[in-house]
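Here is how the chains run, residue by residue.
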Amino acid sequence: KGFYVASQSPAAYCQTELSLAAALNFTYLDEVARSIGKGSTNIRPILQMIKNSKVRQVLQSLGYSFISISSGIPATEIRNADLYISFKGSIKDFRKSLMDTTPLPLFLNALSDTSQYDLHRNRVLSAFRALASLEQGRSPFFVFAHILTPHTPYVFGRNGEAINPPGRFFINDGLIKSEAERAAYIKGYADQLHFINGKIKETVESILAGSEEPPVIILQGDHGPRAYFSWKSADETYLKECLTVLNAVYFPGGDYHDLYPTLSPINTFIAMINRISGSNRSFLDDRSFYSTGARPYDFVPFDPDSYTKQLSDFVLK
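Quick look at the structure, then. (Residues numbered from 1 in each chain as written. Predicted model: local features only at pLDDT ≥ 70, side-chain atom pairs only at ≥ 80, totals over all residues. Heavy atoms only, no water.)

**Examining helix α7 (residues 116-133)**
Note the cut-off: Helix numbers and strand numbers start at the N terminus; a helix is a DSSP run of H or I with at least 4 residues, a strand a run of E with at least 2. Multiply 1.5 Å by the residue count of a helix minus one, and that product is the helix's expected span. Whenever a nitrogen or oxygen atom comes within 3.5 Å of another N or O atom, the pair is scored as a polar contact, on the condition that within protein one atom can donate a hydrogen and the other can accept it, and that pairs from neighbouring residues in sequence are kept only if both atoms are in side chains.
Relative to the 26 Å expected for 18 residues at 1.5 Å per residue, α7 spans 25 Å between its end C-alpha atoms, a close match to the ideal helical length. N-capping of α7 is provided by serine 115, with a side-chain oxygen placed 3.2 Å from the backbone N of tyrosine 117.

Right under this line is the structure:
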């Protein structure tokens, strides 16, 4: 379709909130880490950076309206957008997050034909439908859609058939405890990805066909898969997996002279702003960092060129 695909794109961070905050604000989070402390677990500053990002501010200063599509997770629910698109039939996200720590979802699922997995599946499909059917005459506008797939839970089979995983609704991954669980994770990821690839292609075709003016489209992951991941240690994590992402860019006219294979998500948005505004912001070095769940601001740098670990180093005993 004329996209530029940065084939070696590195995620800045291995956690969604950190990665999106960096990309949408043209910056790494070193200053945030210094001000808040490496041992802090307070992510409120990061959430504010996502909700009121510099990308949003710059585009609004240029006359763009800001549209946000419901994601289903609190970190990327941007309800103060000029237009916030939510979906009926879903439990309020913060309340649902609390409920998921209790047995209550099991009772709700038993009493209702609509399980939490059904709601999640419908949200994903609704987000794609919303992207494909936005009123293209509403110009100019910037749409932010964080779609939680092919991330767990795996609710789609290879051909889009509904899958309801056993047990309570759970979105966290990186918690694999056996090689059997790892094999199931990889198969579920691949099957769901196969279906989602088709939905993305359909959505892109609809956007391109329905746009009065050629649009800018960015398809971007905020972190990679987590089949070989540990929330506790970089040494126990295959960093090439979790810190490598899809990064595909569509610019009208197909002029990609300033893009390159290791283009990071941060520099992707810098390139976008430069193209739209005529500015000349400098690219940053393309860097990646791991951090644990307990110390999200204690960043461990990752250099793919000097990284020597292989998948075989991460066999679970």
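Now that the structure has been shown, we can carry on.
**As for the side chain of asparagine 25**
Quick reminder of the rule: Burial classification: accessible surface area is computed with a 1.4 Å probe over protein chains only, and a residue below 20% of its type maximum counts as buried, one above 50% as exposed, and the rest as partly exposed. Working rule for contacts: check all heavy atoms of both residues, and any pair within 4.5 Å makes them a contact.
Tracing the backbone through its elements, the reader meets asparagine 25 in the loop between α1 (16-23) and α2 (30-36). For asparagine 25, a relative accessible area of 6% gives the class buried. When neighbours within four sequence positions are excluded, asparagine 25 is seen to be in contact with Met49, Ser53 and Lys54.

**Quick look at the sheet that holds strand β1 (residues 4-5)**
The condition is simple: A pair of strands is treated as paired once DSSP finds two or more bridges between them. Angles run from 0 to 180 degrees between N-to-C directions of axes, and those axes are lines fitted to C-alpha atoms, restricted for helices to the stretch in contact.
Spatial strand order, β1-β6-β5: three strands in an open sheet with antiparallel pairing. Each edge of the open sheet carries a strand with a single partner, namely β1 and β5 (217-220). Here β5 pairs with strand β6 (residues 247-250) via four bridges, running antiparallel. Following the sheet pairing, glutamine 220 is matched in β6 by asparagine 247. Packed onto the sheet, helix α8 (residues 179-210) meets β5 and β6 and runs at close to 170° relative to β5.

**Here's the deal with the nonpolar core**
What counts is decided by this rule: The nonpolar core is taken to be a set of buried Ala, Val, Leu, Ile, Met, Phe, Trp, Tyr and Cys residues, with the residues joined through side-chain atoms within 4.5 Å.
Core analysis: the largest hydrophobic core is formed by 44 residues, its most contacted members being Tyr13, Leu29, Ile46, Val55, Leu259, Phe269 and Phe299. Broken down by secondary-structure element, the contributors of at least two residues to this core are α1, α2, α3 (44-51), α4 (54-61), β4 (141-145), α8, β6 and α10 (265-277). Ranked by the residues each element gives to this core, the list is headed by α10, at six residues.

**Some words on the sheet that holds β4**
Across a sheet, paired strands are connected by hydrogen bonds in the backbone, their directions being either parallel or antiparallel. Ordered by their spatial adjacency, three strands build an open sheet running β3-β2-β4, and the pairing between neighbours is parallel. The open sheet is flanked by β3 (83-85) and β4, the only strands paired with a single partner. On average, each strand axis in the sheet is tilted by 15° relative to the strand beside it, whichever way the strands run. Here strand β2 (residues 65-69) pairs with β4 via five bridges, running parallel. Following the sheet pairing, isoleucine 69 is matched in β4 by alanine 145. Its contacts with the sheet place α7 against β2, β3 and β4, and it is angled at close to 155° to β2.

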